[in-house]
Amino acid sequence: MNRTPSGITAVGDLPWGTHFCQFYDDRNDLAEALVPFFKAGLENNEKCLWVTSEPFGRDDARASLRAAVPDLEQREKRGQIEIIDFQNWYLRSGHLDADETVDQWLGRARTAVDEGYGGLRLTGNTFWLECDGFDEFADYESKVNSRFSSQPILALCSYCLGRCKPSDVLEVVRNHQFAISRRRGEWEVIEDASLKIARSDLERLNSELEQRVHERTAALEQALTDKNELFREVHHRVRNNLQIISSVVRMKQRQTASDDVKQNYSDVLGRVDAIALVHDTLYASDELSRVPIAEYLRKLCENLAELRNRQNGVTLRLDLMDTKLHLDKAVTLGLIVTELVTNALKHAFPLERAGQVTVRFDCNGDDCTLIVSDDGIGIAKCEDTLRSRSGLRLVSSLALQLGATITEHAGEGTTVEARFPQS
């Protein structure tokens, strides 16, 4: 529940919807409670309405509050606080209309929220009330108590002890959540025994609930830690197993004398390394299911370049957006990049031709785009489609897994573009 500072030390912070009262002996008691009450509201971005009566009239209220709030006039001009006489609030119709007055308070509260304030802070002094009208006012206070509940309102009503009979005091306390009164120079809180017990029980239950939440949160955090450790171990073991496969392939590559077979082994190594690198990246990351793509693709392309022993005249240019993809998408994307970069390094620059291979990746909204281009010799015009050529057949298959559309641009070099949804 949202709370707001009351400004009164003995009361502390209060939840919105609180309706309480004060019993005072003289104007000094009023100033001691109401000035800090409204000062706290103004400083907390709340709209304030102070309805005054003797023995602390409108001019008295303004003068006392100005001493505590130096910019009071500016706040009044912009409408954050209004100080009015009781006749212009309670007796607008010549007599007290309980429902109309309550509706006025609630209307001001709605306006305050609409204007961007935290709520409405208000007070009314009942000194003007005649003794024979107390029963009618008690009915009004009862309606206030019920209708202010859960509203963005903090209400403090002021009652002069010298004008209240003992029975009136009991009725006032009954119609407010609690009362405060000065005793030996200090504010004391007055509430009935049942309310004290209820509040004590509520505090105890809240304390127990907080303890249970704390214990449950600690258990969930431990479970999350255990799960992350398990995931990290899985990534580590998968990476090790793939490393074993990679070592076997490299051994076979060294044992063959055929350049074509060596190149085929290099293709296999590139694909194995593309998968292994994902798990290697996740093992070193705090997030174990989403891969940092820029870091992953950079390492992958560097490995492919080393694996292909590309000639010095070919450079690799990377333009990679720093984002994260889920593990499955990252693996598929890595395999597509492996195929496209490998094809460019194998076929685009024959006879020691110099040039550049560029890999771009970015996401805009929910769509991601991969572009692999080179300024090599280009793809010769032929009847074969993208899907039928051995080097790009796998790309088309992987694109289906990724939900991607593949577009090939031929001209000065070759450009292949893949677009797919990020989520």
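An account of the accompanying structure is given in this report. Please read these numbers as outputs of a predicted model, since none were measured by experiment. (Residues numbered from 1 in each chain as written. Predicted model: local features only at pLDDT ≥ 70, side-chain atom pairs only at ≥ 80, totals over all residues. Heavy atoms only, no water.)

1. Quick look at the side chain of T4
Let me state the cut-off plainly: In this text, helices come from DSSP runs of H or I with a minimum length of four residues, and strands from runs of E with a minimum of two, each type numbered from the N-terminal end. Whether a residue is buried, partly exposed or exposed follows from its accessible area with a 1.4 Å probe, protein chains only, as a fraction of its type maximum: under 20%, in between, or over 50%, in that order. For the purposes of these results, a polar contact is taken to be a pair of N or O atoms within 3.5 Å, where, inside protein, one atom must be able to donate a hydrogen and its partner to accept one; residues adjacent in sequence count only when each atom of the pair is a side-chain atom. Contact criterion: two residues are considered in contact whenever any of their non-hydrogen atoms come within 4.5 Å of each other.
Secondary-structure assignment places T4 in strand β1 (residues 3-5). On the basis of relative accessible area, T4 is assigned to the buried category, the value being 1%. Within the structure, T4 has its side chain in polar contact with the side chain of N44 (distance 3.0 Å). Residues contacting T4, with those up to four places away along its chain left out, are G12, D13, L14, W16, N44, E46, R121 and L154.

2. Regarding the sheet that holds strand β4 (residues 47-52)
Keep this limit in mind: Pairing between strands requires that DSSP locate at least two bridges from one strand to the other. Axis definition: a line fitted to C-alpha atoms, limited for helices to the stretch in contact. Angles are taken between N-to-C directions and run from 0 to 180 degrees.
The strand order β5-β4-β6-β7-β3-β8-β9 describes an open sheet built from 7 strands, whose pairing is mixed. Both edges of this open sheet fall to β5 (81-85) and β9 (186-190), since each of them pairs with a single strand only. Recorded for the sheet is a direction-independent mean angle of 20° between the axes of neighbouring strands. Of the strand pairs in this sheet, strand β3 (residues 19-24) and strand β7 (residues 153-160) are connected by 6 bridges, and their pairing is parallel.

3. Observations concerning the state of the cysteines
Selection criterion: Two cysteine sulfur atoms make up a disulfide if the distance between them is within 2.5 Å.
Per the stated rule, a full pass over the model turns up 1 disulfide. A sulfur-sulfur separation of 2.2 Å characterises the disulfide bridge that pairs C363 with C368. Looking down the S-S bond of the C363 and C368 bridge, the torsion is 95°, so its handedness is right-handed. What makes C368 buried here is its relative accessible area of 0%. Here C21 stays unpaired: no disulfide links it, and the sulfur of C157, its closest cysteine neighbor, is 6.9 Å away. Residue classification places C21 among the buried residues on the basis of a relative accessible area of 0%.

4. Here we look at the sheet that holds strand β14 (residues 367-374)
A sheet is described by the order of its strands in space; here 5 strands give the open sequence β11-β13-β14-β16-β15, paired in mixed fashion. Edge positions in the sheet fall to β11 (314-320) and β15 (405-411), since each has one partner strand and no second. Averaged over all pairs of adjacent strands, the angle between their axes in this sheet comes to 10°, without regard to strand direction. Where β14 lies against strand β16 (residues 413-421), 8 bridges are found, and the strand directions are antiparallel. Considered in β16, the bridge of D367 is made with P421.

5. Digging into the nonpolar core
The criterion, for reference: Grouping buried Ala, Val, Leu, Ile, Met, Phe, Trp, Tyr and Cys residues that are joined through side-chain atoms within 4.5 Å yields what is termed a nonpolar core.
One finds I293, L297, F361 and L370 to be the most contacted residues of the largest nonpolar core, which totals 42 residues. Of all the elements, helix α10 (residues 327-347) adds the most residues to this core, at 11 residues. Apart from residues lying up to four places away in sequence, L297 is in contact with L320, L333, V337 and F361. W89, A98, L122 and C164 belong to the second largest nonpolar core, which has 30 residues in total.

6. Quick word on the environment of T4
Taking C-alpha positions, T4 is 7.0 Å from W16, a pair spaced 12 residues apart along the chain. Within the structure, the side chain of T4 is placed 2.4 Å from the side chain of E46, a separation counted as a polar contact.

7. Digging into helix α2 (residues 58-68)
Here is the rule we go by: What the arc measures is the spread of directions leading from the helix axis to the C-beta atoms.
Those residues of α2 lying buried are A61, R62 and L65. The buried residues of α2 all sit within an arc of 95° when viewed along its axis, so they share a single face. Exposed and oriented more than 90 degrees from the buried face of α2 are D59 and A67. If you follow the buried residues of α2, they end up packed against α1 (27-43), β4, α3 (72-77) and β5.

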